[in-house]
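Inside the fold
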Amino acid sequence: MIDDLMYRHLLPADAVRIAGEQLGTEVEPTRSAATTEWCRRAVAEYVAPAVDPVAAGAEGFCPQDEPHRARV
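Treat the numbers as computed from the prediction; the structure is a model and nothing was measured.

Before going further, it helps to examine the environment of Val16. Tracing the backbone through its elements, the reader meets Val16 in helix α2 (residues 15–27). Val16 gets classed as partly exposed once you look at its relative accessible area, which sits at 48%. Spatially, the C-alpha atoms of Val16 and Val47 are 7.7 Å apart, while their sequence positions differ by 31 residues.

Structure below.
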C-alpha cells in the first residue's frame, strides 16, 4: 500500500476519513486550531490537488516560486 501511495498516488478509499480521525485524536489535542486546519488543508490538497495551486491560493505556492511562469 505504501508503494501505491508513494509511486502511483493511489490512496485507499477511506484515506480522507482515516486522516481526519487521526488529526482529530492526535493533532487537535496537542496543537493549535490553526495548525490542525493547516493539516486538514494539506490532506485535502494532497488528495485532490489544484490544477493551478497559485491561482487556488494554496499555502506555500507563490508566483515567485514558479520560474516556469511568465512574468507579466
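Considering all chains together, one arrives at three salt bridges under this definition. The closest approach of N and O atoms between Arg17 and Glu21, which form a salt bridge, is 2.8 Å. Of this pair, Arg17 and Glu21 both sit in helix α2, four residues apart, which is roughly one turn of that helix. With relative accessibility at 44%, the residue Arg17 sits in the partly exposed group. When its relative accessible area of 45% is taken as the criterion, Glu21 is described as partly exposed. When the shortest N-O distance is used, the salt bridge between Arg40 and Glu28 registers 3.3 Å. Placement of Arg40 in helix α3 (residues 33–47) and of Glu28 in the loop between α2 and α3 is noted, with a sequence separation of 12 residues between them. The exposure class assigned to Arg40 is partly exposed, which follows from its relative accessible area of 30%.

Parameters at a glance
Residue numbers restart at each chain and count upward from 1, following the sequence in its written direction. A pLDDT threshold of at least 70 governs which residues receive local features in this predicted model, and a stricter bar of 80 or more applies before side-chain atom pairs are shown or counted, although totals over entire chains, interfaces and linings include all residues. Side-chain descriptors were evaluated using all non-hydrogen atoms of the structure, hydrogens and water having been removed beforehand. Per the convention used, a helix needs a DSSP run of H or I reaching at least four residues, while a strand needs a run of E reaching at least two, with both numbered from the N terminus. To sort residues, take the accessible area from a 1.4 Å probe on protein chains only and compare it with the maximum for the residue type: under 20% means buried, over 50% means exposed, and anything in between is partly exposed. Here, a salt bridge means any side-chain nitrogen of Lys or Arg that lies within 4 Å of a carboxyl oxygen of Asp or Glu.

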